[in-house]
Amino acid sequence: MENYGFTVVGNVCTRNGVSVSLDGVYGNDKLFFMAFTAVREDGKPFAAQGNTVSFENYHLSALQDGDTFIQNISTMGPRLYPSSDLREIHYILYASGSGFKAATGETLRIRLDNIRSSDGKSNECLVDGSWTFDVPYDSMEQPMLAKAGQRIPCNGDTLVIDELAFTSGSWHICMTAESGRFSGRDAGYDYHQISLKDASGKTYPIDWARDYIRQPDVQNAYAHPIFFGLLPQGVSIKDMTHIVLFGTEIPLVWQ
């Protein structure tokens, strides 16, 4: 699998009292991920607890010399991870890697439109506006790859690690379930527990380790979970010696 890397953009777009930060983008030849955080400038919650807050539209395109040459790149998402009081809304947006690969060397434009809230019965527009980010492909950071191939027991099944990739700000893990179907959610398995350890044994929980997506463009997507997320701020991956995946501690041996 060819990796194009991850960029911690640090880009913030503010419209109508809401700031949205583009925390990073990771891409390879299968799919790519975009991580966002939205907050209100006044610090108040977006909505009452129990509501869902999301953008109305997620628009992706690729630019060449300022002109659009790939329009409406297919998206798979988003996944929403709000803070408990809805003061911060975290998003991970997934999209087809074929569009990402075709646009390599150009600019990815991401536009998020209109923030809405739903209580399950009705929904309303909280904030009108568009939040736009341009990401040059040449800003991508090449990932560090750790030795893969390890086997992890999971609810009577075995997960084989196909890829362990890290950058200064992200982690990315591809696995294969030997049973032919990853049953993390169905079996009640706590797949949230992913963390790093340093030489002293100190543990660092990994941000955004809350969900997975099935790998596209394979014969049996259910057998190939992919996990992606951001590293804790201030943590250097070079100082980490192990990753803990679902209760199994794995040494990080850099390739």
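For the structure itself, consult the block above.
Residues numbered from 1 in each chain as written. Predicted model: local features only at pLDDT ≥ 70, side-chain atom pairs only at ≥ 80, totals over all residues. Heavy atoms only, no water.

A.B. asks: Looking at this structure, I do not really get the packing of aromatic side chains. What am I missing?
C.D. replies: The description of two aromatic rings rests on the distance between their centres and on the angle between their planes. Counted under the stated rule, the structure contains four aromatic pairs. Pairing F36 with F133 gives two aromatic rings, centres 6.0 Å apart and planes at 50°, and the pair type is tilted. A residue pair is termed long-range when its members are at least 10 positions apart, and F36 in strand β4 (residues 31–40) and F133 in strand β10 (residues 123–136) qualify at 97 residues. For F36, a relative accessible area of 1% translates into the label buried. Note on F55 and W131: the rings are 5.5 Å apart at their centroids and 70° apart in plane angle, and the pair reads as edge-to-face. Highlighted residues: F55 in strand β5 (residues 52–64) and W131 in strand β10, separated in sequence by 76 residues. Three or more aromatic residues link up through ring pairs in this structure, and these residues are F55, Y58 and W131. (Phe/Tyr/Trp six-rings, centres within 6.5 Å; stacked < 30°, edge-to-face > 60°. Helix = DSSP H or I, 4+ residues; strand = E, 2+ residues; numbered from the N terminus. Buried < 20%, exposed > 50% of the residue type's maximum accessible area, 1.4 Å probe, protein only.)

A.B. asks: Explain the nonpolar core to me, please; I cannot follow it from the model alone.
C.D. replies: A general tendency of soluble globular proteins is for nonpolar side chains to be buried together. Among the nonpolar cores identified, the biggest contains 28 residues, and V20, M34, F36, I110, L112 and W131 are the most heavily contacted of them. Elements with a contribution of two residues or more to this core: β3 (18–28), β4, β5, β8 (88–96), β9 (107–118) and β10. Ignoring sequence-local partners within four residues, the contact set of M34 consists of G24, V25, L60, Y91, I92, L93, A95, L108 and I110. (Core = buried A, V, L, I, M, F, W, Y, C linked by side-chain atoms within 4.5 Å. Contact = heavy atoms within 4.5 Å.)

A.B. asks: I'm lost on the environment of E124 in this one. Help?
C.D. replies: If you trace the backbone, E124 turns up in strand β10. With near-sequence residues (within four places) excluded, E124 lies in contact with I115, R116 and S117.

A.B. asks: For this particular structure, what's the right way to read the environment of F133?
C.D. replies: You can call F133 buried: its relative accessible area is 1%. Through-space distance from the C-alpha of F133 to that of S21 is 9.1 Å; in sequence the pair is 112 residues apart. Among residues more than four places away in sequence, those in contact with F133 are N11, V12, C13, V20, S21, L22, F36, L108, R109, I110 and L112.

A.B. asks: How do you make sense of the side chain of S19 when you look at a structure like this?
C.D. replies: By the element assignment, S19 lies in strand β3. Side chain to side chain, S19 and T14 meet in a polar contact 2.7 Å long. Setting aside its immediate chain neighbours within four residues, S19 contacts V12, C13, T14, T37, A38, V39 and E41. (Polar contact = N/O pair within 3.5 Å; in protein donor to acceptor, adjacent residues only side chain to side chain.)

A.B. asks: What exactly am I supposed to notice about the side chain of D157 here?
C.D. replies: Mapped onto the secondary structure, D157 falls in strand β13 (residues 157–166). No salt bridge forms around the buried D157; measuring N to O, its nearest opposite-charge neighbour R151 is 8.3 Å away. With near-sequence residues (within four places) excluded, D157 lies in contact with I152, A177, E178, S179 and R181. (Lys, Arg positive; Asp, Glu negative; His and termini not counted. Salt bridge = Lys/Arg side-chain N within 4 Å of Asp/Glu carboxyl O.)

A.B. asks: I would appreciate a short explanation of the pattern of salt bridges in the present structure.
C.D. replies: If the charged atoms of two oppositely charged side chains come close together, the side chains can form a pair. Scanning the entire structure with this criterion turns up seven salt bridges. One salt bridge in this structure joins D42 and R40, with 2.6 Å as the shortest N-O distance. Take D42: its relative accessible area is 45%, and that puts it in the partly exposed class. In this structure, E249 engages K197 in a salt bridge whose closest nitrogen and oxygen atoms are separated by 3.0 Å. Of the two residues, E249 is situated in strand β20 (residues 248–251) and K197 in strand β15 (residues 194–198); the sequence distance between them amounts to 52 residues. Residue K197 is classed as buried on the basis of its relative accessible area, which comes to 19%.

A.B. asks: Could you clarify how one ought to interpret the environment of F32 in this entry?
C.D. replies: Positionally, F32 belongs in strand β4. The class for F32 is buried, based on a relative accessible area of 0%. Sequence separation between F32 and Y94 is 62 residues; the distance between their C-alpha atoms is 5.8 Å.

A.B. asks: Sorry, what's going on with the pairing of β15 here?
C.D. replies: Working note: regular strand, side chains alternate between the two faces of the sheet. Burial of β15 is extensive: five of the five residues sit out of reach of the surface. Because side chains alternate across β15, one face comprises the buried residues I194, L196 and D198, and the other comprises S195 and K197, equally buried. Pairing geometry for β15 and strand β16 (residues 203–205), over three bridges, is antiparallel. Paired with K197 across the strands is T203, a residue of β16. (Pairing = 2+ DSSP bridges.)

A.B. asks: What is the right way to look at the sheet that holds β16 in this model?
C.D. replies: Sheet architecture is open: four strands sit in the order β16-β15-β19-β20, paired in antiparallel fashion. Two strands lie at the open edges of the sheet, namely β16 and β20, each paired on one side alone. The mean inter-strand angle of the sheet, taken between neighbouring strand axes irrespective of direction, is 30°. (Axes fitted to C-alpha atoms, helices over the stretch in contact; angles between N-to-C directions.)

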